[in-house]
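The primary structure of each chain is shown beneath.
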Amino acid sequence: MPQASTEATSSGAASGGQLEERIDLSTETTQKITQAASLPLTDALALLSALEKRCRVGNDTPSLVKVCEASLELCHGAGDHEALVSTLKTLSTRRSQKSKAIAALVTKCLPWVVDADGDGFTPLPTASSAEAATNQETLVTELRNITDGKMYLEAERARLTRSLAIIKESSGDIATAANVLQDVHVETYGSISKREKIEFILEQMRLTLLKRDYVRAYIVSNKVKRSMLDEEGMSELKIKFYVLLSQYHSQQRDALELARCFHAIYSTASAAASTGEEDKDDNKWKESLTNTVVFLCLSEYSNEVKDMMERINLDPQLEKIVECKETISSFLKNEIIHYPLPHQTMLESIPAFVNGGETDDASLALKEHWHTTFHTRIIQHNLRVVSNYYRQIHTSRLATLLSLTPAETEQHLSNMVSSGALYAKIDRPKDIVRFAKKRCEEEVLSDWAGDIKELLGLVEETTYLIQKENMVQSH
């Protein structure tokens, strides 16, 4: 067999600021790659391995890239997976290996394991055999190891990591899939687009929630800047983010945070429909707005909750959901609400009532919790209303107004006093509840002095106006 020419063109000794001498091996590279194609795989790899060393030592990077790619193509064409992985690992760990050569190795292998023309991370479908799936996972893992710690391959590492997580999840190993994704801090990567970063973080959130690692899921959610989600073209990701965040808050049973999440989903869905970004889907925004109203009613009373109720009550879209309109109006009025509400069954049948449950028993327990909380919030509303109209009232009469037993009334009243939501004192021997706080002599005197000062100010202003009018009439 004729031997390829070993003559090479040198660029000369290092001079003029050039740190290393470069030898041009392009002609020999072309000849030996052609020669290797006709040899058995072992002999071909040995031939190209020797050439690879000469190109690497001679600093002929273009030829080095060609040799590395040709070696991988030979292994892949022969269908020898072990040789492919071994060659890939050997070439990437050579001493003083060029970064362009390593990047070429990774780029060459990517289309063999992922949909490079599509999203760049979806694994290619494999044969039904377990061996094909194992080979794919092995190659993805090896490519991830090669890209580890290399800034110029951080985008590829992120996509390979997501691909490996998909493979692990499809095999049922959710915990490993979540752990794999957590190893990549994609928010620090500069070569990845903003949208791709958010998609990666949302995938981290989803898997950590499936893993039931709720603390980690909340930490990951804080990596997403809310201002990014408000940018143009981010509507789909914003909705997905708040849906995942609502799963966390549902697990924590935080009604106010759930109301905020669903209101953000409602605002995004209705805005997208009005601008034509999505097909108008009444069910989508209606469900979100209904969830917002229900969980606002389930939230512990505060100025923020009342303000949010007032703003939602002014929303013209609420008129289309009669049940929610009547419910939120009842909570905003300074009137006693009778339990159960006219639409109680409908309000408690929303899917969000049980979405946070991990099992059927957990879902039932969660639904029972929200049912009990709903009743409690109505009782607390009624107690605030009564405290506005009565300075003191008999406990039996208060229990009648609340449709409770005296013991239940006293329990709810004590809870509100303990939390600081209401001032009250119970006189059990006299069966009286006092809502007006007893004031000391100094407070009464101070208020009296303030009233007298205000009265004298009005008298002085009136006298001045009378004198002014008399002077005008006298002239």
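For the structure itself, consult the block above.
My aim in this report is to walk through the structure given alongside it, one point at a time. Given the structure is predicted, the values throughout are model-derived calculations rather than measurements.

**Observations concerning the overall build of the protein chain**
- Looking only at helices and strands, the protein chain features 21 helices and 5 strands.
- The C-alpha radius of gyration of the protein chain comes to 37 Å, more than 25% above the 23 Å expected for a compact globule of 475 residues.
- Dimensions along the principal axes, computed over C-alpha positions, put the protein chain at roughly 125 × 75 × 45 Å.
- Residues counted as buried form 41% of the 475 residues belonging to the protein chain.
- At a minimum sequence separation of 6, the contacts of the protein chain that also span at least 24 residues come to 59%.

**As for the packing of aromatic side chains**
- If you walk through the whole model with that rule in mind, you get 7 aromatic pairs.
- Ring centres of Phe295 and Trp370 lie 5.3 Å apart, and the angle between their planes is 80°; this geometry places the pair in the edge-to-face category. With a gap of 75 residues between them, Phe295 in helix α14 (residues 282-298) and Trp370 in helix α18 (residues 360-389) connect regions that are remote in the sequence.
- Given a relative accessible area of 0%, Phe295 falls into the buried group.

**A closer look at the environment of Leu347**
- The topology assignment puts Leu347 in helix α17 (residues 344-347).
- Residue classification places Leu347 among the buried residues on the basis of a relative accessible area of 1%.
- It is 7.9 Å that separates the C-alpha atoms of Leu347 and Glu323, two residues lying 24 residues apart in sequence.

**Focus on helix α20 (residues 406-419)**
- Compared with an ideal rise of 1.5 Å per residue, which puts 14 residues at 20 Å, α20 spans 20 Å between its outermost C-alpha atoms and is within 8% of the ideal.
- When we look at burial in α20, the residues that qualify are Thr409, His412, Leu413 and Met416. For α20, the angular spread of buried residues about the axis comes to 100°, placing them on one side. The outward face of α20, more than 90 degrees from its buried face, is lined by the exposed residues Ala407 and Ser418.
- Packing partners of the buried residues in α20 comprise α18, α19 (395-402), β4 (425-427) and β5 (432-434).
- Phi for Gly420, located one or two positions after α20, is positive at around 85°.

**Focus on the packing of helix α9 (residues 194-210) against helix α10 (residues 214-221)**
- One can describe the packing of α9 onto α10 by two numbers: an axis separation of 8 Å at closest approach and a directional angle of 165°. The angle between the axes of α9 and α10 places the two elements in the roughly antiparallel class. Relative to α10, α9 is oriented so that their crossing is left-handed. Contact residues: α9 offers Ile201, Gln204, Met205, Thr208 and Leu209, while α10 offers Tyr214, Arg216, Ala217, Val220 and Ser221.
- Residues that form the contact of α9 with α10 fall into these classes: 6 nonpolar, 3 polar and 1 charged.

**Quick look at the pattern of salt bridges**
- If you walk through the whole model with that rule in mind, you get 22 salt bridges.
- Close ionic contact of Glu28 with Arg54 constitutes a salt bridge, the shortest N to O distance being 2.7 Å. Here Arg54 lies in helix α2 (residues 41-57) and Glu28 lies in helix α1 (residues 26-36), a separation of 26 residues in the sequence.
- Judged by its relative accessible area of 35%, Arg54 falls in the partly exposed class.
- Measuring nitrogen to oxygen at the nearest pair gives 2.9 Å for the salt bridge that ties Glu52 to Arg56.

Cut-offs used in this document
- Going along each chain's sequence as written, the residues are numbered from 1 onward.
- Where local features are concerned, this predicted model is filtered to residues with pLDDT of at least 70; where side-chain atom pairs are given and counted, the filter is 80 or more; whole-chain, interface and lining totals use all residues.
- Hydrogen atoms and water are omitted, and side-chain values are computed over all heavy atoms in the structure.
- In DSSP terms, a helix is any run of H or I states spanning at least four residues, a strand is any run of E spanning at least two, and both are numbered starting from the N terminus.
- We take the radius of gyration over the C-alpha atoms and set the globule estimate at 2.2 Å times the residue count to the 0.38 power.
- Burial classes: relative accessible area under 20% of the type maximum marks a residue as buried, over 50% as exposed, and values in between as partly exposed (1.4 Å probe, protein chains only).
- In this analysis, two residues are considered to be in contact whenever any of their non-hydrogen atoms come within 4.5 Å of each other.
- Whether two aromatic rings pair depends on their centres lying within 6.5 Å, for rings of Phe, Tyr and Trp, where Trp uses its six-membered ring; planes under 30 degrees apart make the pair stacked, over 60 edge-to-face, and the rest tilted.
- By this rule the span expected of a helix is its residue count minus one, scaled by 1.5 Å.
- Comment: arc refers to directions from the helix axis out to C-beta atoms.
- To get an axis, fit a line to the C-alpha atoms, keeping to the stretch in contact for a helix; angles then go from 0 to 180 degrees between the N-to-C directions.
- With respect to orientation, any angle under 35 degrees is reported as roughly parallel, any angle over 145 as roughly antiparallel, any angle of 65 to 115 as roughly perpendicular, and every other angle as oblique.
- Each helix crossing is assigned a hand: it is left-handed if the near helix lies turned anticlockwise from the far helix by less than a right angle, otherwise right-handed if that turn is clockwise.
- The residue classification treats Ala, Val, Leu, Ile, Met, Phe, Trp, Tyr, Cys and Pro as nonpolar and Asp, Glu, Lys and Arg as charged. All others, Gly included, are polar.
- A pair is scored as a salt bridge if a Lys or Arg side-chain nitrogen falls within 4 Å of a carboxyl oxygen belonging to Asp or Glu.

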